[in-house]
Amino acid sequence: MTIANTPLKESSLQPKGWFRYFSFSLDHKVIGLQYLVCGFVFYLIGGLLASAIRVELTSPISDFMPRDVYNQVLTLHGTIMIFLWIVPVVNGAFGNYLIPFYVGARDMAFPRLNAVAFWLIPPAGLMLISSYFITGAAQSGWTAYPPLSITTPAAGQIIWILSVLLLGGSSIFGGINFIATILKLRRPGLKLMQLPMYCWAMLGTSILVVLSTPVLAGTLILLSFDIVANTGFFNPNLGGNVIVYQHLFWFYSHPAVYIMVLPAFGLVSEILPVHCRKPLFGYVTMVYSIMAIVVLGLVVWAHHMFTSGTPPWMRLFFTIATAFIAVPTGIKFFNWVATLWGGRISLNSAILFSCGFIINFVLGGITGVALAQVPFDVHAHDTYFVVAHFHYIVYGGSVFVIFSSIYHWYPKVTGRMLSENLGRLHFALTFIGFNLCFAPQHWLGLNGMPRRVAEYDPQFQLINQISSAGALLMALSTLPFLWNVFESAFKGTIAGDNPWNALTPEWLTSSPPPVENWEGEAPLVSEPYGYGVTQAEFEQSSISTYQEDEHQ
Amino acid sequence: MTTIPQLNKDSQEKGSEVDEHHDVRMFGLAAFLIADGMTFAGFFAAYLTFKAVNPLFPDAIYELELPLPTLNTVLLLVSSATFHRAGKALRTNESKACQKWLLITAALGIAFLASQMVEYFSLPFGLTDNLYASTFYAVTGFHGLHVTLGSIMILIVWWQSRSPGGRITSHNQFPLEAAELYWHFVDGIWVVLFVIFYLL
Amino acid sequence: MSKNSTILTTVLTIALIAIGVWIGENINLLPIDASTNAPVYDELFKVLFTIGAILFLGITGLVLYSLIKFGRKPGQKGDGLAIEGNLSLEIFWTAIPAIVILFVGIYSYDIYDRMGGMQSLGASGHEHHAMNSNNKVWGGIGSSYSPGQTNKNEVLPPIPIEVTAMQFAFLFHYPEGDIISGELHVPTGQPVTMRMESKDVIHAFWVPEFRLKQDVIPGQPTILNFTPTKAGRYPIICAELCGPYHGGMRSTVVVEDSEKFNEWFNKNSKSPNLNT
Ligand code: HEA
Ligand code: HEA
Ligand code: CUA
Ligand SMILES: [Cu+2]
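Residues numbered from 1 in each chain as written. Chains lettered and ligands numbered in written order. Predicted model: local features only at pLDDT ≥ 70, side-chain atom pairs only at ≥ 80, totals over all residues. Heavy atoms only, no water.

The next point concerns the overall build of chain C. Tallying secondary structure elements over chain C gives 4 helices and 11 strands in all. In chain C, which comprises 276 residues, the proportion classed as buried is 48%. Considering only contacts in chain C between residues 6 or more positions apart, those separated by 24 or more positions represent 69%. Here chain C displays about 12,700 Å² of accessible surface, and carbon together with sulfur accounts for 62% of that area. (Helix = DSSP H or I, 4+ residues; strand = E, 2+ residues; numbered from the N terminus. Buried < 20%, exposed > 50% of the residue type's maximum accessible area, 1.4 Å probe, protein only. Contact = heavy atoms within 4.5 Å. Areas by Shrake-Rupley, 256 points an atom, 1.4 Å probe, with all protein chains shown as cover.)

If you want it as C-alpha cells, here you go:
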C-alpha cells in the first residue's frame, strides 16, 4: 500500500458499533458525524431560543420574559447558531467526512488533533448554556462590545469568553488539519486543479480561520483582563479605547461570515453537477473567485463600524472593498445558474434546497451590498434590516445548504435513501416559513425598528406577528425532517453504493464506506465533474422520451 | 491516460514514506505558528492604535530602560544560534554535542525569563496603571509564556536525546526540529516586540 | 445563438429592467423624509432598490426557468449538456457586476459627499464650544450646508446642541440658552450641530425620518449635523445595545417652524441673549 500518510492501524483499533459515535474516535467519518449531530442538537437549542425571541416580539411590550433575560437569550442564540452550529457543521462535519475522500487519503493529516478539535465543542457548548442557569448568561450580544460587556454581570461574560475561546481553538485546530490534508495528503497523481470544488472552498476557509481566529482569541483575552483584572484596554474610564475592540473583533468576525458561507458554496458546487448531470460550469473561475473572496474578506471588516465614528477615508475604503466582494461571489452564482442551464435536473430535495439557497442568498447578498454603502448604512445599521440581511445569508444560505447536503449524502452515510415526499414537505415549509419570517424584517428595519430590543413601537406589531408566524412554520418544518432522518435510517429503501451515479471519489466505495475508506487503493479521480453528453445526444434523448411519453 | 506514468513516478517515491509524514507534521506546526503569530499581530496592532489614538497625558510619559531588554534580545538571538548548532550536531550523529547545545539553549531561555522578571520588578508602573502599562505587560507576558513553554520543550527534548537508542536520534529528528522551529518563531516575535515596544 | 433567441433575450432583458425601474420608483419602503439629508438618501435607495430588484428577479427567473425547462421529465434518461465553461460568458458576468459595483460605489460616494460625510470636521468651524479641545472629535455625516437646501445665501448659523447619552436616556443641552431638555426641539430649515458624548456605554442616536445615525461613544465625542425640513414629532431611537432597557431608550424630536421653536426656546431659556 503506497499511501504513506494514513495512520491506518490507529483507526482500525477504534471501537465499532454505535458506541464509537460517543468515543474519542480517530476515524474522520465518525468525527464528521459527531460534528453534524452535535451541531444539530445545538441548532435545535438555538432555534428554541429564536422561538423565544419571536414569541416575545409578538407584542410590542416586554411581557414574555424579563428584559435582561431577553438579552441573554439573544446573545446565546447568536453565539450558539454561529459558533456551535454553522461553523462546526459546514467546516467540521462535511469537511471531515468528505475531504479525505476527495484527496484520496484514508484519514485526515492529524487524526488525534482532529478528535481533540471535536471534543472541545460539547464542553464549550454545555458551559455556555449552563451559564444561563447558574449565573445568568452573557447579555451583551454576540459582539460583546465593551464597555457594555465590562459592566454587565461578569460571571456570564467570562463563561462566554471561555467557551468562545475553546470554540476558536477547536476551529483553528480544524483549519490547520484541513490545510495540511488538502495540500499534503493528496493521493499521488492527483493535481490541485482536479480537486472537487469543496476542497478549494475548505482551503480558502481554513486560511481565513488560521489568519483571523487568533486575533479574536487575543482580543477576548484582553477583554477578560478588563473584566477580572481591572485593566483598561477597552474601558474609557481607565483611558481605554472601545473602538479598538470593534476593529479587532470584526477583523475576525467579518472573515467569520465567509467561514460560514464558503464551505457552503463548496457543497453546492458538489451537489448541483450530480443532480443536473452536467459538469460544474467554470471550474477555474470558481477557484479564483474563492481565493479572491478570501483576500478581500480580510480587508473589509470596518463595514460593521460605519456609525462608530470612523474617519471618512476609512469608510470610503471599506465601502469599495466590501462591495467588490460581490464580483467574485457573483461569478460563482452565475456559474451555478449556468450549471443548471441545459441540465437534466432531478427535482429532488437536494436540488430544491440548493436552488432555494441560490435565490435566498442573492437577496441577502444584494442587501449586503446596499449595507456596504456608507450613506445607506447610516440609516440601516443596527436595525432589523441588518437582521434580515444576515438571516437571508446564514439561514437562507448556509442552513439551506446544510439541509441540501444532508439529502445528498445521507445515502452515502447510512446506505439508505431518505423519503422524497417528506423532503419536499420539509422544503416547502422551510422555504415559506423562512421568507415569511425574514422578508418583512427588511421593512421593519427601514421604518424604524432597531435590533436587539424586547419592546418596540406598537405600529410594528402586525409585521412582527407575521414574522413570528414564519418562525413557527420554520420550527414545524424540523418535524418532517427529523422524522424522515430517523425513520429512513431503519426503513428507508436500500440505496446501493452510488444511488446518484456520482463521480466524486466518496461515491466510488461502498455505502456506508469501510473504515479504510476503500478496499484496496484509492481511485484516482481526475475528472470529478465528467458528466454530460453532446448537444446531438441531448436533443436525441429529449425527443425519444417525448415519443415514449406519447406512446404511454 | 495520463495517469499511468504518474503512478509509476509515485512508486519510485515510495521509499520516502517516513519523510512525507514527517513533512506534514512540520507543515502543521508552521500553520499553527502562523496562527500564533496572528495573535501577536493583533496585540501589536492594538498597541500601535492605542498609541496613535489615545495620546498619553504629558506627565505619564515614561521611557523604558533599554539595557536589560537589549540584553534579552541578545540572549534570545544567541539561543537561536545555539539551537541551530544542536540540530546540526544531531544530524551528524554527534549526540553529546547535541545535548550540550540543547542545554545551553535552555539555559539562555531561562536566563531570558529571569532577566524579564528583574525588569518587571524594577519598572515604575504596574499592570493597571494605564493603557500602555497594561498592554506592555499583557504582550510581554504572553511572549514570556511562549518562552517558558519553549524552555520546557527544550528540556524535554534534551532528556529524550540522552539515551542513545531513545526517542530523538538522527532518524527521528521531529521533536527537535519542531522545538527548534518554535524557538526561532518565539525569537522572531521578540525582535518585533522589542522594536515596537522599546524602540518606537 | 439563433436570431430568434437573441431577440427574445433582448426583449426579456428590457422587460426585466423596466420592471426593476418600476419597482424602484413605485414601491416605497421608507418613512417620510424630514431632513435635507433624507431626499438625498431616498435617491440612493431608489437606485439600489432598482438594481437589486433587477438582479434578484433576473437570477430567480433564470433558476425557476431552468428548473422547469431542464427538469427531468418522468421516464427521461441521459445526462445534461457537457459544457464545462465558456470564457466569454464568464468574462461577461465578471465585467457586469464589476461595472455595476463601480457605478454604485461612485454614485454612493457622491451621495455621501452631498450628505456632508466627506467634510473634514476640523475645518467645519463648529468649534466654538471648544471644551476638551485636545480631544479629536469623530463622526459627522449630515452637513448643514448640503446642496439639498434651496437657498444657499440664506443659510442660518447652526444651532449647537450638546447631547449626553446615558443608560437609558438622552439629555439635550442648548448652550446658547442653557436649556436642558429630555426632548429635542429644533426649527425647520435651520442647521443643527450636535456634539454627543456618552456617560457609560455606547449608545446610538437615530432618527429614521432624518435617515441619520451616529454612535454616542464614551470617551470619544462624536458630531452629527442635520437640517430638519418637515414639522412633526419623530422618534429618537437608541440603536446600540446598551443594557436591559435599551429598547426603552427613546425620546422625541419635535420639529416646528421657527416661530414656535423660538417660543419654546424663550420660555425655557435661562439666559436672555438669543441669537437665532
Ligand atoms: C454567512 C454570513 C454572511 C455573508 C456571506 C455576508 C455577506 C455580505 N455581507 Fe453581511 N453580515 C453578516 C453575515 C454575512 N454577510 C452578519 C452576521 C452581519 C451582522 C453582524 C452583527 O452586527 O451582528 C452582517 C452585517 C453586514 C454589514 C453591516 C451592517 C450593519 O451592521 O450596519 C454589511 C455592510 O457592509 C454587510 C455586507 C455584506 C456584503 C457586501 C456581503 C457580500 O459578501 C455579499 C455578496 C453576494 C452577492 C452580492 C450576491 C451574489 C452576486 C451577484 C448575483 C452578482 C451581482 C450583484 C451585484 C452587482 C450587486 N454585512
Ligand atoms: C448563524 C445562524 C443563525 C440562524 C440559523 C438563526 C436562526 C433564526 N434566527 Fe437568528 N440570529 C443570529 C444567527 C442565526 N439565527 C445572530 C448572529 C443574531 C444576532 C444576535 C445578536 O444580536 O447578538 C440573530 C438574531 C436574531 C433575531 C434578532 C433579535 C434581536 O435583535 O432582538 C431574531 C428575531 O427574529 C432571530 C430569529 C431567528 C429565527 C426565527 C431563526 C430560525 O430560523 C430558527 C429556526 C429553528 C427552529 C425554530 C428550531 C425548531 C426546533 C424546536 C423549536 C424544537 C426544540 C426542541 C428541543 C431543543 C429538543 N435571530
Ligand atoms: Cu442606549 Cu441602547
Ligand atoms: Cu461583514
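What follows deals with the interface of chain C and chain A. Facing the 81 residues of chain C at the interface are 93 residues of chain A. Taken together, chain C and chain A are joined by 2 salt bridges. For Arg250(C), the salt bridge goes to Asp457(A), with nearest N and O atoms at 3.9 Å. Between the two partners, chain C and chain A, sit 23 residue pairs in polar contact (both at pLDDT 80 or more). Mapped onto the side of chain C that touches chain A, the elements with two or more residues apiece are α2 (37–69), α3 (87–114), β1 (138–139), β8 (212–216) and β10 (232–238) of chain C. Class assignment of the residues belonging to the side of chain C that touches chain A gives a composition of 47 nonpolar, 22 polar and 12 charged. (Salt bridge = Lys/Arg side-chain N within 4 Å of Asp/Glu carboxyl O. Polar contact = N/O pair within 3.5 Å; in protein donor to acceptor, adjacent residues only side chain to side chain. Nonpolar A, V, L, I, M, F, W, Y, C, P; charged D, E, K, R; others polar.)

This part is about the packing of aromatic side chains. Within this structure, the stated rule accounts for 81 aromatic pairs over all chains. Arranged with centres 5.5 Å apart and planes meeting at 35°, the rings of Phe40(A) and Phe481(A) form a pair that is tilted. Of the two residues, Phe40(A) sits in helix α2 (residues 28–56) while Phe481(A) sits in helix α17 (residues 461–491), which places them 441 residues apart along the sequence. Accessibility classification places Phe40(A) together with Phe481(A) in one group, the buried group. A cation over an aromatic ring shows up here: Arg25(B) above the ring of Phe174(B), its NZ or CZ 4.0 Å from the ring centre. Sitting over the ring of Trp206(C), Lys213(C) keeps its end group 4.4 Å from the ring centre. (Phe/Tyr/Trp six-rings, centres within 6.5 Å; stacked < 30°, edge-to-face > 60°. Lys NZ or Arg CZ within 6 Å of the ring centre and 35° of its normal.)

The subject of this paragraph is the coordination of the iron atom of ligand 1. Residues and elements named next belong to chain A. Coordination of the iron atom of ligand 1 by the protein comes from a single atom, His389 (NE2), at 2.2 Å. Here the iron atom of ligand 1 and the copper ion (ligand 4) are spaced 4.5 Å apart. Along the chain, His389 turns up in helix α15 (residues 384–414). (Donors = N, O, S within 2.8 Å, 3.2 Å for Na, K, Ca; no water.)

A separate point is the coordination of the copper ion (ligand 4). Residues and elements named next belong to chain A. Here the copper ion (ligand 4) is held by the protein donor atoms His254 (ND1), His303 (NE2) and His304 (NE2), which lie 1.8 to 2.1 Å from it. In the primary sequence, the donor residues of the copper ion (ligand 4) line up as H-x48-H-H. Using a relative accessible area of 13% as the deciding quantity, one classes His303 as buried.

All right, on to helix α11 (residues 312–324) of chain A then. End to end, α11(A) covers 19 Å across 13 residues, agreeing with the expected 18 Å (1.5 Å per residue, within 8%). Of the positions making up α11(A), those classed as buried are Met314(A), Arg315(A), Phe318(A), Thr319(A), Ala321(A), Thr322(A) and Ala323(A). (Expected span 1.5 Å × (residues − 1).)

Along the polypeptide, Pro158(C) turns up in the loop between β1 and β2 (159–166). Residues Pro158(C) and Asp257(C), 99 residues apart in the sequence, show an inter-C-alpha distance of 15 Å.

So, on to the environment of Gly109(B). All names here are of chain B. Its location among the elements puts Gly109 in helix α4 (residues 95–122). The buried category is assigned to Gly109, whose relative accessible area is 0%. If sequence neighbours within four positions are ignored, Gly109 has contacts with Val147, Ser151 and Trp183.

All names here are of chain C. For chain C, mean pLDDT is 83; residues scoring 70 or higher make up 84% of the total. Scored below 50 in pLDDT, residues 121–135 makes 22 contacts in the model with residues more than four places away or belonging to other chains. Of the regions scoring below 50 in pLDDT, residues 142–153 engages in 27 contacts with residues more than four places distant in sequence or in other chains. Scored as a whole, the predicted complex attains pTM 0.92, and scored at its interfaces, ipTM 0.90. (pLDDT = per-residue confidence, 0-100.)

Attention now moves to the site of ligand 1. Around ligand 1 lies a shell of 32 residues, among which Trp142(A), Tyr258(A), Asp377(A), His381(A) and His389(A) are the nearest. Neighbouring residues of ligand 1 are not confined to a single chain but are spread across chains A and C. At 2.8 Å, a side-chain N or O of Arg451(A) approaches an oxygen atom of ligand 1. The set of elements that each furnish at least two residues to the shell around ligand 1 consists of α9 (242–276), α12 (326–340), α13 (349–372) and α15 of chain A together with α2 and α3 of chain C. When residues in the shell around ligand 1 are grouped by element, the largest group, 6 residues, is from α13(A). Looking at the shell around ligand 1 residue by residue, the class counts come to 21 nonpolar, 9 polar and 2 charged. (Near = heavy atom within 4 Å.)

Turning next to the pairing of β8(C). All names here are of chain C. With 5 of 5 residues buried, β8 lies mostly within the body of the structure. Neither face of β8 is exposed, since Leu212, Gln214 and Val216 on one face and Lys213 and Asp215 on the opposite face are all buried. With 5 bridges joining them, strand β7 (residues 203–207) and β8 adopt antiparallel strand pairing. Residue pairing across strands places Phe205 opposite Gln214, the latter belonging to β8. Connecting β7 to the antiparallel partner β8 that follows it, the hairpin turn spans 4 residues, and Arg211 within it adopts a positive phi of roughly 60°. (Pairing = 2+ DSSP bridges.)

All names here are of chain A. By nearness alone, 34 residues border ligand 2, and Arg54, Tyr70, His77, His391 and Arg452 come closest of all. Measuring from a nitrogen atom of ligand 2, one finds a side-chain N or O atom of His391 at 2.7 Å. Here Gln441 contributes a side-chain N or O atom positioned 3.4 Å from an oxygen atom of ligand 2. If you list the elements that add at least two residues to the shell around ligand 2, you get α2, α3 (67–103), α15, α16 (420–446) and α17. A per-element tally of the shell around ligand 2 places α2 first, with 8 residues. Class assignment of the residues belonging to the shell around ligand 2 gives a composition of 23 nonpolar, 8 polar and 3 charged.

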